[in-house]
Amino acid sequence: MTELAYPLAVMLFPGGLFAIALGLALKGADRRFAARLQGRVGPPLMQPFYDLVKLARKRTMAPDIAALPVFLGAPVVGAVSMMLGAALVPIPGVYAPDPILGDLLVLLYLLAVPAVVLMVAGSASGSPFGAIGFSREMALMLAYEGPLVLVVAAVALRTGSFSLSDIVAYQQTHGAFLLDPVMWPALAAFVAFYPANLGIVPFDIPEAETEVLEGPLLEYSGPALGLFKLMSALKAVVVLSLGVTLFYPLAPEGLLGLVAHLAKLLVLMLLGVTVVRVSMGRMRIDQAFRFFLKWPLVLSLVSLAAVALA
Amino acid sequence: MIAEATLDPGLTAWLGAAILLIGEVIALLSLRNLTTLIIVSTVAEIGYIILGVGIGGTVGDTGAWMHVGYQTVMRGLVVITAWWLIHRTGSARLDDLAGSGRRMPWATALFAFGLFSVMGLSPFKGSFSKFLILYSAIEQGQWLLAAAGTLASIIAAFYYMRVIQRVCFEPPADASLQLRPEPTWLSILIAPLTGLTIVMSVWPEPFLHQAAAWAGVIQDVARVPEFESPWSLLVLLPYIGGFALYLIGLHTKMMRDLHAVLLAGATFALAVLETGLDPASHLFAVLFAGIGFLVVLYSWGYMSHGENANRYYFFVFLMIGSMLGLATAHEFGNFYVFWELMTWTSYFLVIHEQTPKALKAGFIYFLMCASGAYVMNFGILLMHAQAGSFEFAAITAAMPTINPAAGAIAALCFFVGFAVKAGFVPLHSWLPLAHPEAPSSISAPLSGILTKAGIFGLVKVLYVIFGAAALARFAESGLDVGMLIVVLGCLTLVYGEVMALFQKELKRMLAYSTLAQIGEIAAILGLGTSLATTASLLHVTNHAVMKTLLFFAAGAFILQSGRRQIADLAGLGRKMPFTAGCYALATVAIMGLPPFSGFISKFLMITAAAAEGRIDIAALILVGSVIAAFYYLRIVRLLFFHPYEGPEVQEAPVSMRAAIGLLAGLIVVGGVAPSLQLDAVAAVGNMVAAAGTLPPVELPNLTLVWPAATLIATLGAVAVWLVGKSSVVAAGRLAIAVVAASFVAVLLQADRYDSLSFAFALLVSGVGTLNMAYATGYMAHGHAQARFYAAFTLMMAGLMGMAGSHDFFNFFAFWELMSSWALYVALVHEETNDARREAFKYFIFNTVGASFMFLGIAMFGTAAGSFDFAAIADAAPQMTTPWFGGALVLVFVGMLMKAAMLPVRIDYQMHPATAPTPVSGYISAVLLKSGPYGVLKLFALFGGAALLDRLGVVSGMPLVMYAVAVIGGVTVMYAGAMAVVQNGIKRLLIYSTVCQLGYITMALALGTTLGVAGGLMHFVNHMMVKDLLFLCAGCIMVASHAKTLDELGGLGRKMPITFAIFLFAGLSLAGIPPLNGFSSKWLIYQASFQSGHYVLGIFALIGSLFTLAAILKFAHAAFMGAPGHAAEHAEEAPAIMLVPMMLLTAGCFVVGMMPGVLLVPIAAIQQQLGLTPIDATWMGPLPGTGGWHPGVLSVLLLVLGAVSWLYLRLGRAGAPIIRSPIHLCGVGTLSPAASHIGASNLYESSDAAIRGVLHAKYDTGYDPDDESGHAATPV
């Protein structure tokens, strides 16, 4: 049975199908809430599911100068990496990932995979818009990944482990980092990080549809585009769950725990993503680059130093 | 009678001295007119007689009388012949007399003979009576008088030589001068005077007795010193032979040359077989006769069209005879005679070509050496006055009783005489003048053995006859001759190296280099220990061989091509491959690189200096070597790696090549089998030890031990090179077979390696085989393929030898073999300006790095008394902390420099991008790992942290290892960021290599179980992955001829396999899970954080990001995006290139799925290194907390990927994919190339930030105007 535990975790719960459903539902909620904030009615909650089905029924198209295996492989790898990633994050009180799947470090690099595949996809398409998107994505990543690494290091230093289960356990006994002033700068840095990682305003610079026509995604259509949409939805689950794990993993055992987790994700999605993206404008890449090297970097360093001294 | 004069003897003597000195000065001033000159000089000579009489005593009176007789006859000869010349010329002005040698050869010759006799040059015994007078002065303590006499002789020598040169050798000022008729009455006088002079010179005893009788001291004649003893057969043979050759040469050139070689050979044989000599004398006799033989052999071809060959051979043999006489002398009389004869005979050889420059050089040479000899003579007489004998044995016996002040002065006098000959600064000025002007066949022995005669003198007189103990006692009087030798040696070394650097003429450069070499010999010799003597003498013999070869080859270049300037030698190596090849070999040897003789002696000299604690001297020698590398390598580069322009040039004649070839053979033998030479010099060292009551020599083991793999590769490299002369394809196949065979040899000899080294050797030869196979495809249409394969194989030989070494001597020797000349030849292969400059730079950098290590190793070895690893480990705890720490830091610095750590200027430390790609890849992937490998080996050697903790502890780690880890960590960041901003295809990869080496170094330096495991795993992963990336880059370069990323674009569709491999390897390198590169990095992250080094861990994490950016930039610019011009004609590489790449890819894949494949052997290595082994199983997860298994992740990824793929292709039941043009907002006329976003357009903000912070230049390292060399890659 234990041999089956982690394949199931990856394919059914909390990764795989569960994560897909959760991610698409969160996307639906996001779109609906955004519409309401903008005074529109908005699509039904199930719209992301419909979109996927619709896209699956389209024919696959690819540019004539694209490197085809890479062009089509990229969305597959991206989506799969996040299905896996979802299985790496604990659901406090409900699910603790098997160490054999990986720890926070593995997750950290797995989280880079969607960005990598987007870059590769943009590059492989042969489109100059794709290339610009790729270039911007990398520049942005070089900027935000440093603060993220420092945040992760601060958490690991505080808890003494890179195991996500240990991090959860630590906060369950010592109190959530959300309430720990030492960790506040790190939290702030994380808050700055995830919009960039999720590719939403004000940091949706690589895919900016009004500037570079969705950049890497420009040449995608049909099921390939569907996989990218799926990847994006899954990534939201993973990144937001990671935020929960790192800063507020307190929850009751059992079904209540799962409910609490879903509630936290929903709140984060609506407040942290939807509100942000509808209320702000897009930065230029150089502004974003400088921003990350200024505030989040300093904040995360402050936390790290504070933790090291504490 | 005169002695009974009523005048005060002291006053008389001073009067004589005054007349003498004033007279000589006036004579000097009246140099314009020969008549005046001779008259004044005669008056001055009378001063000498008065001096002798004034001093009185048996010796003084005898000397005075003898002087009267000698001067009457010899000066008579001068006067008569001068009269003759003046009469016939019709003028006494020296300017008019110039050129008499051409007009009246016989009379001029006799005039010169007379003058040399009057000067008292030894064969002519005019000095005999002077010696007596000087001796009497010294005997009576009138040192000032003796000094005045010596000074007068030097002044006289000056104007005599001027006269001899002007009258006898210089060309006539007025060629149309009509001679007047011969005055017959004068010729009647000339013959008897000449005869009498000869008789007096050869048999002085009857005249001595007669003089004693006149002086009235006949009963005391025994008190007069015996000045000479009979000449030995070894001396007579060349002397008599020289005369015989002259006579033969008057009839037939052919027979003369043949007999000359036979005679020289016989002399050499006689010298070798001579048994009655002490080791020092025998060593030098063999050396002198041996080089003499080669000079004669060389001269056969060299002089075949030369003028005055008879005279040349005559003096060559006289010179050889004199030097043998010097070497075999057992008392100071002969010693001095031969010393003077050596100068005199070689003088004629220096001025052989009789050009104005040659005459000037010869003049200075003669004057300086003769003056030095006079000073030495003073010392000889002083020693006799003290010890009562000229016999060496007697003087040695009397040594303990000699007055320290007198001893010190005598030692100083000897030193001055020898120092002039050896060319110590500031007594060196003759040397750089004489060398270029002499015929090359003579420049060679001038450097090779004549300067060594000075060293011989120092060894023989100061260290064997006097002995170190006596010198130490003399030093108490305030004059430390040993110290003087060291100081002047160092000065000479620096001066010689620096001057050589600025020379434009080949022979002058070699001459200054000789100064430098003599300087280092002296600096070591002056230390006075038996080991130092042995080391310096070993270098004496090696330098004699090497420098003789260099001058011979230089002579061949000049003779065949007429090119004397260094800059003109470009490409000559292609026309004279044998001569230039031997020249290059000697160059490599003289730079002190293995496996040649110069390396052994340099190693021993550095060891000798370190053994005395003189790190300063050792360091100075190493600095000198670095300077020498500049000027020596420059010439090799010109000879071989530049195109030749100019008229056709033939190889040198056979006899010259034979001499050069023999010397080259000696250099190789001296490197690989130095025991014979070592025994000979160690015997001298022991003798010095015995004389100075020092402990005998304990030589370290200096024999190279060749593991089978190294031997196969080395011999194989030679075979490949030879086979390449007939078929390059066969050479390529042979090269692959050789490297594969050495892989097998490593397997078969598994027990000679420790686990770490075994693994390293396997990887070296395994990856080597793949790269060599790839290279045969890559180079298929290139030039000089066999040379490249041979150099490449040799590099691997060095690496495998290093892995197979059990002691530091072998380790360092093979380290040098791997990273010096073989590497250079491989790197410079493309022969573009860029390639030449970059390869040169890297060579120099490596030399500097190796020098640090060299010094450290010498410190370890001397402190432990052995270079054996185990012995050093045993002795390490007893070493003082500064010594141990200094040595360790030096060795580490050397290793870190190899791995291009130390982020100061990484572009200086990196191997050049201009090298052929298979070797670039190999260097990046394999060769540079020798740095981290060495660090780990050393760390384990000293028992891990325990011993290193002595040097300080920082955050739970030994300070040294902590420093290494920090250097590694900083390098990760620095090189990683630099890689992001590169645009050169290979420069980007090379920076990335440095970054990854930082990971490895950092992890190994952490020294924890996890750290070492992670470091070693990354060591192998990076080896495979980075090699793959380079090989992909090579495929691109073959397909496109591009050098920068901006020239590329869209190659992925044309080269799908290469692209797939690149992307796989690149993402693995960037640490994308679950690929193999991530696994090892994961271990490194864990190790850094677990050991509490958070900052290092963060560096490591961020470094990955830089790698990712660099790799994606490369992938985009080359393979993806819109297709550029290069992509139009590109096609996939041939199978011979793809198959090695696929094998490496398979390796990466296996490691990615089953990290146990690497971790289990790593655990075994850790066990053997004495570390706690990592917990690993073949199929199991990665160790550490959590136990992540990349294989599980991979399988899940594949399964989910298959499901997702189904979704992707399910639409419309797998209908064909529609291909359409890209969206360009409706613009239809934009070509794909025009819409390509190139490498330099990427990452604008981050690019600018990195450039701003790191001051990185925009230049890509390629010179766009450089089209002079061969194309980078074949079609």
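Preceding this paragraph is the structure being described.
Every chain's residues receive numbers from 1 upward, in the order its sequence appears when written. Ligands are numbered from 1 and chains lettered from A, in the order in which they are written. Only residues with pLDDT of at least 70 are given local features in this predicted model, and only at 80 or more are side-chain atom pairs given and counted; all residues enter the totals for whole chains, interfaces and linings. Side-chain calculation: all heavy atoms of the structure are included, whereas hydrogens and water are not.

Trainee: Can you help me understand the state of the cysteines in this one?
Mentor: A covalent bond between the sulfur atoms of two cysteines is what we call a disulfide. Counting rule for disulfides: a pair of cysteine sulfur atoms within 2.5 Å. In total, this model carries 0 disulfides over all chains according to the counting rule given. Residue C413 of chain B stays outside any disulfide, its sulfur separated by 16 Å from that of C369 of chain B, the closest cysteine.

Trainee: In this structure, what is going on with the side chain of S441 of chain B? I would like to understand it.
Mentor: Residue and element names in this part refer to chain B. A run of DSSP states H or I qualifies as a helix once it reaches four residues; a run of E qualifies as a strand once it reaches two. Both are numbered from the N-terminal end. Along the chain, the position of S441 falls in helix 20 (residues 440-466). To sort residues, take the accessible area from a 1.4 Å probe on protein chains only and compare it with the maximum for the residue type: under 20% means buried, over 50% means exposed, and anything in between is partly exposed. Taking relative accessible area as the criterion, S441 reaches 0% and is therefore assigned buried. Side chain to side chain, S441 and Y312 meet in a polar contact 2.6 Å long. Once residues within four sequence positions are removed from consideration, S441 is found in contact with V295, Y298, S299, Y302, Y312 and F552. Polar contacts, as counted here, are pairs of nitrogen or oxygen atoms within 3.5 Å of one another; within protein the pair requires one atom able to donate a hydrogen and one able to accept it, and residues that are adjacent in sequence qualify only if both atoms are side-chain atoms. Should any heavy atoms of two residues lie within 4.5 Å, those residues are considered in contact.

Trainee: When you look at the interface of chain B and chain A in this model, what are you seeing that I'm missing?
Mentor: How big an interface is tends to be stated in terms of the accessible area lost upon association of its parts. Listed per partner, the contact involves 66 residues of chain B and 74 residues of chain A. Put simply, buried area is how much 1.4 Å-probe accessible surface two parts lose in total, over both of them, once they are put together. Roughly 6,200 Å² is buried in total at the junction of chain B and chain A, and carbon and sulfur atoms are behind 77% of that figure. We count a salt bridge whenever a side-chain nitrogen from Lys or Arg sits within 4 Å of a carboxyl oxygen from Asp or Glu. At the boundary of chain B and chain A, one finds 0 salt bridges. Applying the counting rule to chain B against chain A returns 20 residue pairs in polar contact (both at pLDDT 80 or more). Those elements giving two or more residues to the side of chain B that touches chain A turn out to be helix 47 (1056-1069), helix 48 (1076-1090), helix 49 (1094-1119), helix 53 (1190-1210), strand 3 (1218-1220) and helix 54 (1244-1254) of chain B. Considering only residue class, the side of chain B that touches chain A consists of 43 nonpolar, 17 polar and 6 charged. In this sheet, strand 3 of chain B lies alongside strand 1 (residues 61-63) of chain A in parallel orientation, the contact comprising 3 bridges. The residue bridging M61 of chain A from the neighbouring strand is I1218 of chain B, located in strand 3 of chain B. Under the scheme applied here, ten amino acids are nonpolar (Ala, Val, Leu, Ile, Met, Phe, Trp, Tyr, Cys and Pro), four are charged (Asp, Glu, Lys and Arg), and all others, including Gly, are polar. DSSP bridges decide pairing: two strands pair if at least two such bridges lie between them.

Trainee: Just to check I follow, could you spell out helix 41 (residues 917-925) of chain B for this structure?
Mentor: Because an α-helix completes one turn every 3.6 residues, residues spaced three or four positions apart along the sequence face the same direction. All names here are of chain B. Of all the 9 residues making up helix 41, 9 are buried; the element is thus mostly covered by neighbouring parts of the structure. Considered for burial, the residues of helix 41 that qualify are T917, P918, V919, S920, G921, Y922, I923, S924 and A925. Against the buried residues of helix 41 lie helix 33 (755-778), helix 34 (785-803), helix 36 (821-827), helix 45 (985-1006) and helix 46 (1009-1040).

Trainee: Before we go on, may I ask you to explain unusual backbone geometry in this structure?
Mentor: For residues that are not glycine, phi is negative in most cases, and the peptide bond is trans in most cases. Residues and elements named next belong to chain B. Residue P426 follows V425 across a cis peptide bond; omega there is 5 degrees. Its place among the elements puts P426 in the loop between helix 18 (404-422) and helix 19 (430-437). The linkage connecting P1073 with the following residue, P1074, adopts the cis geometry, with an omega of 5 degrees. Secondary-structure assignment places P1074 in the loop between helix 47 and helix 48. Its identity as a non-glycine residue notwithstanding, Q354 has a phi of 55 degrees, on the positive side. The residue Q354 is located in the loop between helix 15 (332-350) and helix 16 (356-387) in this model. Located in the positive-phi region is E831, a residue other than glycine, with phi close to 60 degrees.

Trainee: Where do I start with the pattern of salt bridges in this structure?
Mentor: Two side chains bearing opposite charge may form a pair once their charged atoms approach each other closely. All told, the structure shown has 26 salt bridges over all chains when counted by the stated rule. Through salt bridges with shared partners, one network takes in R136, D204, E209, E211 and R282 of chain A.

Trainee: Looking at this model, I keep getting lost on the environment of V1192 of chain B. Mind explaining?
Mentor: With respect to the secondary-structure elements, V1192 of chain B resides in helix 53. By relative accessible area, V1192 of chain B is classed as buried at 15%. Setting aside its immediate chain neighbours within four residues, V1192 of chain B contacts Y6, I100 and L101 of chain A.

Trainee: For this particular structure, what's the right way to read helix 33 of chain B?
Mentor: Here the expected length of a helix is defined as 1.5 Å per residue gap, with one fewer gap than residues. Compared with an ideal rise of 1.5 Å per residue, which puts 24 residues at 34 Å, helix 33 of chain B spans 34 Å between its outermost C-alpha atoms and is within 8% of the ideal. Burial of helix 33 of chain B is extensive: 19 of the 24 residues sit out of reach of the surface.

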